[in-house]
Protein chains: 2
Amino acid sequence: MYLDNAATTPTDPRVLEAMLQYFADSYGNASSMNSFGKDAKEALEESRRKIADFMNADPEELIFTGSATEANNLILKGHAFGAGKRHCHIAVSTIDHDCVLNTVKWLEKQGFRISYLPVDSYGLLRIDPLQKVLEEDVTLVSVVHGNNEIGTVQNIKKIAKMCHENGSFFHTDAVQSFGKLPIDVELIGIDSMTINAHKMYGPKGVGALYIDRTLKITPLIHGGSHEFGKRAGTENIPSIVGFAKAVELREREMDAEGVRLCRLRDRLIRAALEIEDTYLNVHPTKRLPNNVSLRFSHLEGEAIVLDLDAEGIAASSGSACSTKSNDPSHVLLAIGLRPQEARGSLRLSLGKKNSAEEIEFTAQQLAKVVERLRGISPLTHLS
Amino acid sequence: MYLDNAATTPTDPRVLEAMLQYFADSYGNASSMNSFGKDAKEALEESRRKIADFMNADPEELIFTGSATEANNLILKGHAFGAGKRHCHIAVSTIDHDCVLNTVKWLEKQGFRISYLPVDSYGLLRIDPLQKVLEEDVTLVSVVHGNNEIGTVQNIKKIAKMCHENGSFFHTDAVQSFGKLPIDVELIGIDSMTINAHKMYGPKGVGALYIDRTLKITPLIHGGSHEFGKRAGTENIPSIVGFAKAVELREREMDAEGVRLCRLRDRLIRAALEIEDTYLNVHPTKRLPNNVSLRFSHLEGEAIVLDLDAEGIAASSGSACSTKSNDPSHVLLAIGLRPQEARGSLRLSLGKKNSAEEIEFTAQQLAKVVERLRGISPLTHLS
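Note that the structure is predicted; figures quoted are calculated from it, not measured. (Residues numbered from 1 in each chain as written. Chains lettered and ligands numbered in written order. Predicted model: local features only at pLDDT ≥ 70, side-chain atom pairs only at ≥ 80, totals over all residues. Heavy atoms only, no water.)

Points about the overall build of chain A
Moving on, step 1. Within chain A, the secondary structure is distributed over 12 helices and 10 strands.
Moving on, step 2. Against the globule reference of 21 Å for 383 residues, chain A gives a C-alpha radius of gyration of 21 Å, in line with a compact fold.
Moving on, step 3. Taking the principal axes of its C-alpha atoms as reference, chain A extends roughly 70 × 50 × 35 Å.
Moving on, step 4. Evaluated residue by residue, chain A yields a buried proportion of 63% over its 383 residues. (Helix = DSSP H or I, 4+ residues; strand = E, 2+ residues; numbered from the N terminus. Rg over C-alpha atoms; globule rule 2.2 N^0.38 Å. Buried < 20%, exposed > 50% of the residue type's maximum accessible area, 1.4 Å probe, protein only.)

Structure below.
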């Protein structure tokens, strides 16, 4: 039973099916002049068009990368080195992903100006501090659309508007929301957006950066003139074709699936909140359809994850990308939790394979696991 | 008939077979704590061990990337930003790949010291200029092992020894030679090496950087603590498993296959050199087993490629990565060809699917195509 869909999802069999011919048959290098190359190039541009259409962008504004992490690095470092230290000033939210925060921390060490934007107790961006930095000389603002740990969804239309009124570009990391919520980059006013395939039933190892043609960047990966000169490296055609197929399927299926997942999510939350001393980490309405982020007093999230795993339920205590760290989650600290509260967090992220029966079973097991752990937890007696 | 194996190769069906289960069954995030994550992590570390073993490295010294281009960017920028402008001085050969040369050109613009090492008319690194920069304060030397256009193979053991005697690190881009020639990083004295999967019957979208533990670098892609903190991003398990399977197959098959390819290569070269005004661009013995790099007076390589393609033969005029550029190849200029000579180049790169019959057919068609084109070429009458 897999409830870790925010970390990664299984590749849809229809996606894999679409990829297969590009491994052993149409295997050319999209930059080669021969027929094999031309076939590969055609598949590449058809895929680019499909994904760009889905977000209402021009195909020339979509750059394929090896991951969302790379795409976030590309926009941030690409803007920084493109604009130069004297002109560049980047502002990021404190609940952005590690790959945004660690990138700007590195840029800061190189001498670039970085500002950090606080959030409220739901993880929603606080508007006054944003307005304040915008009135300074911020050139690029980056705010995650749907947060990967707690699932809060920002009002990016409002944020983008504020950025534009102050002459600033707006970037969003939409890895968790793309393919779940409708995103029209023109309508919302997004200048740059990070997405990937493996969070939406596509393959791992492929992401993309949408970037408006008015936003100039320096490449992160130099080499040949692939991807409009913005990202060098032989094009990963099987995965790019798979990405486009995943997008095509989400376009058809995400609305109905979203309704179903919201129902399961809310059922799970209701059941979980019946457990004593249990709290929801997220805004009651402004959130992703598939994310359940809870915290349990007197417990460690890791212990709950391990015990649920023993019952056949795969969950997570937070971001998969920071599991090696013993520090409490920066997202939970940013919404104002104390470190010991942050440690008791559990993320259950739903996906299309999950049935209502699985959710009922999870709710029951969760209550049992929490009760058992609290019975033996030394933290219980400290309170 | 595919003679563009230096650009990319078909994925071996046995490689694809090994990958399949990691798309839809064992699809966990290798950084997740649950059972799905543990299975993925196990596949990751088993793959890392296999590839490291093959080159006689420790698994902890192998960093997976999204491409060889990324790996070359990682070592060069990682060393530059790690050492800092005052201490870093990088020397690269003038026949290295665009992704090395364009990376150091960018570093040069950022204020880093870069030296360029000339080669002789075969593309072999000239030793005196190397010795001279080593006696200055070069910190890292990067020389491609097997050149991608002309196929010249460098004496990297000697180059590495010279580097070490002068306190310099040695990096090599072994994309074209890895899996074709035996490479023992300990024996040769390689401190860092770039490889990828798709040039050796593995999938596109995955490469690796071997890096000796004494060589410290700054990450190129910041984020989570994946890959020993040196390359962030969700691990691309299906492709990494495919990479390891491709290595396993090369380990068993490359020696016999190499002998067979050398025979076919030499047969093709002999036949081609019977065509009037035709020259070999490469050293007669120090070269890759599968590369045939020719030039034909009074002709454009692109025209030959297109005409061969019409006869069902996929070839290349040079590097796939620079086909968009109209400039003559930097490699051919570096070995001393005049621009008009460089334009008449053709690369036929063999692979395991090629039969003796295909090579005979190619030799015949090549003679016909060259004759026909020379009959209509305006360049013929200029000489």
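Still more ground to cover, so stick around.
A short note on the side chain of Glu-227 of chain A
Residue and element names in this part refer to chain A.
Moving on, step 1. Mapped onto the secondary structure, Glu-227 falls in the loop between β7 (207-211) and α8 (237-273).
Moving on, step 2. A polar atom in the side chain of Glu-227 sits 2.7 Å from the side chain of Arg-48.
Moving on, step 3. In this structure the side chain of Glu-227 is engaged in a polar contact, spanning 2.8 Å, whose partner is the backbone nitrogen of Phe-64. (Polar contact = N/O pair within 3.5 Å; in protein donor to acceptor, adjacent residues only side chain to side chain.)

Section: the pattern of salt bridges
Moving on, step 1. Taken as a whole and assessed by the stated rule, the structure comprises 52 salt bridges over all chains.
Moving on, step 2. In this structure, Asp-307 of chain A and Arg-372 of chain A form a salt bridge, with 3.1 Å as the shortest nitrogen-oxygen distance. With Asp-307 of chain A in helix α9 (residues 301-310) and Arg-372 of chain A in helix α12 (residues 356-376), this residue pair connects regions lying 65 residues apart in the sequence.
Moving on, step 3. Judged by its relative accessible area of 42%, Arg-372 of chain A is partly exposed.
Moving on, step 4. Across the pair Arg-213 of chain B and Glu-61 of chain B runs a salt bridge whose closest N-O atoms are separated by 3.3 Å. Of the two residues, Arg-213 of chain B sits in the loop between β7 (207-211) and α8 (237-273) while Glu-61 of chain B sits in the loop between α2 (35-55) and β1 (62-65), which places them 152 residues apart along the sequence.
Moving on, step 5. You can call Arg-213 of chain B partly exposed: its relative accessible area is 45%.
Moving on, step 6. Given a relative accessible area of 5%, Glu-61 of chain B falls into the buried group. (Salt bridge = Lys/Arg side-chain N within 4 Å of Asp/Glu carboxyl O.)

With respect to the sheet that holds strand β2 (residues 89-93) of chain A
All names here are of chain A.
Moving on, step 1. Spatially, the 7 strands line up as an open sheet ordered β1-β7-β6-β5-β4-β2-β3, and their pairing is mixed. The open sheet has two edge strands, β1 (62-65) and β3 (113-117), and neither has a second partner. When strand polarity is set aside, the average angle formed by the axes of neighbouring strands in this sheet is 20°.
Moving on, step 2. Pairing between β2 and strand β4 (residues 140-142): 3 bridges, direction parallel. Across the sheet, residue Val-92 finds its bridge partner in β4, namely Ser-142.
Moving on, step 3. Here helix α4 (residues 98-109) sits on the sheet and contacts β2, β3 and β4; the angle it forms with β3, its principal contact strand, is near 145°. (Pairing = 2+ DSSP bridges. Axes fitted to C-alpha atoms, helices over the stretch in contact; angles between N-to-C directions. Contact = heavy atoms within 4.5 Å.)

Considering the packing of α9 of chain A against α12 of chain A
All names here are of chain A.
Moving on, step 1. Contact geometry for α9 and α12: axes closest at 10 Å, N-to-C directions at 125°. Judged by the angle between their axes, α9 and α12 are oblique. Both α9 and α12 take part in a crossing whose hand is right-handed. Every residue of α12 that contacts α9 at Ala-303, Ile-304, Asp-307 and Leu-308 is listed here: Gln-365, Leu-366, Val-369, Arg-372 and Leu-373.
Moving on, step 2. Among the residues forming the contact of α9 with α12, the class breakdown is 6 nonpolar, 1 polar and 2 charged. (Parallel < 35°, antiparallel > 145°, perpendicular 65-115°, else oblique. Left-handed = near helix turned anticlockwise from the far one by under 90°. Nonpolar A, V, L, I, M, F, W, Y, C, P; charged D, E, K, R; others polar.)

Focus on the interface of chain B and chain A
A common way to state how big an interface is: give the accessible area lost once the parts meet.
Moving on, step 1. Taken together, the 66 residues of chain B in the interface contact 66 residues of chain A.
Moving on, step 2. Of the roughly 5600 Å² buried where chain B meets chain A, counting both sides, 58% is carbon and sulfur surface.
Moving on, step 3. Summed over the three residues of chain B that lose the most area to chain A, namely Tyr-27, Met-33 and His-222 of chain B, the buried surface amounts to 13% of that side.
Moving on, step 4. For the pair chain B and chain A, the interface holds 0 salt bridges.
Moving on, step 5. Linking chain B to chain A there are 22 residue pairs in polar contact (both at pLDDT 80 or more).
Moving on, step 6. Elements represented by at least two residues in the side of chain B that touches chain A include exactly α1 (13-24), α2, α3 (68-83), α4 (98-109), α8 and α9 (301-310) of chain B.
Moving on, step 7. Within the side of chain B that touches chain A, the residues separate by chemical class into 28 nonpolar, 26 polar and 12 charged. (Buried area = accessible area lost by both parts, 1.4 Å probe.)

Quick look at the sheet that holds strand β10 (residues 345-349) of chain A
Residue and element names in this part refer to chain A.
Moving on, step 1. Taking strand neighbours across the sheet as the criterion, the 3 strands line up as β8-β9-β10 in an open arrangement whose pairing is antiparallel. Here the strands that pair on one side only, and so sit at the sheet edges, are β8 (278-280) and β10. If you compare each strand with its neighbour and ignore which way they point, the axes differ by 30° on average.
Moving on, step 2. Note: strand β9 (residues 291-296) against β10, 5 bridges, orientation antiparallel. Counterpart to Asn-291 in the pairing with β10 is Ser-349.
Moving on, step 3. Strands β9 and β10 of the sheet are contacted by α9, whose axis makes an angle of about 45° with β10.
Moving on, step 4. Contacting β8, β9 and β10, α12 crosses the sheet at an angle of about 20° to β9.

Brief notes about the domain arrangement of chain A
Residues and elements named next belong to chain A.
Moving on, step 1. Under the domain assignment, chain A is made up of domain 1 (13-249) and domain 2 (254-376).
Moving on, step 2. Computed from C-alpha atoms alone, the centre-to-centre distance between domain 1 and domain 2 is 28 Å.
Moving on, step 3. Across the boundary between the two partners, domain 1 contributes 29 residues, which contact 25 residues of domain 2.
Moving on, step 4. Note on domain 1 versus domain 2: buried area summed over both sides is about 2300 Å², and carbon and sulfur give 60% of it.
Moving on, step 5. The largest contributions to the domain 1 side of the interface with domain 2 come from Glu-149, Ile-150 and Tyr-201, which together make up 31% of the buried area.
Moving on, step 6. Here domain 1 and domain 2 share 0 salt bridges between them.
Moving on, step 7. On inspection of domain 1 and its partner domain 2, the count reaches 7 residue pairs in polar contact (both at pLDDT 80 or more).
Moving on, step 8. Its residues assigned to classes, the side of domain 1 that touches domain 2 shows 11 nonpolar, 12 polar and 6 charged. (Domains from an automatic or database assignment.)

With respect to α1 of chain B
Moving on, step 1. A rise of 1.5 Å per residue sets the reference length of α1 of chain B, with its 12 residues, at 16 Å; its end C-alpha atoms lie 18 Å apart and thus fit the reference within 8%.
Moving on, step 2. Residues of α1 of chain B that are buried include every one of Val-15, Leu-16, Met-19, Tyr-22 and Phe-23 of chain B, and no others. Looking down the long axis of α1 of chain B, one finds its buried residues gathered within 115° of arc, a one-sided arrangement. Turned more than 90 degrees away from the buried face of α1 of chain B sit Pro-13 and Glu-17 of chain B, all of them exposed.
Moving on, step 3. Taken together, the buried residues of α1 of chain B touch α1 (13-24) of chain A together with α2 and α8 of chain B. (Expected span 1.5 Å × (residues − 1). Arc of directions from axis to C-beta.)

Examining α9 of chain A
Moving on, step 1. If you check which residues of α9 of chain A are buried, you get Gly-301, Ile-304, Val-305, Asp-307, Leu-308 and Asp-309 of chain A.
Moving on, step 2. In this structure, the buried residues of α9 of chain A make contact with β9, β10 and α12 of chain A together with α2 of chain B.
Moving on, step 3. Gly-312 of chain A lies just past α9 of chain A and shows a positive phi near 90°.

Some words on the state of the cysteines
Moving on, step 1. One pass over the full model with this rule turns up 0 disulfides over all chains.
Moving on, step 2. Free cysteine Cys-88 of chain A: the closest other cysteine sulfur is in Cys-163 of chain A, separated by 14 Å. (Disulfide = S-S within 2.5 Å.)

As for the environment of Ala-244 of chain A
All names here are of chain A.
Moving on, step 1. Assignment of secondary structure puts Ala-244 in helix α8.
Moving on, step 2. Residue classification places Ala-244 among the buried residues on the basis of a relative accessible area of 1%.
Moving on, step 3. In this structure the C-alpha to C-alpha distance between Ala-244 and Arg-49, which are 195 residues apart in sequence, comes to 8.7 Å.
Moving on, step 4. In this structure Ala-244 touches Ser-47, Lys-50 and Ile-51, once residues within four positions along its chain are discounted.

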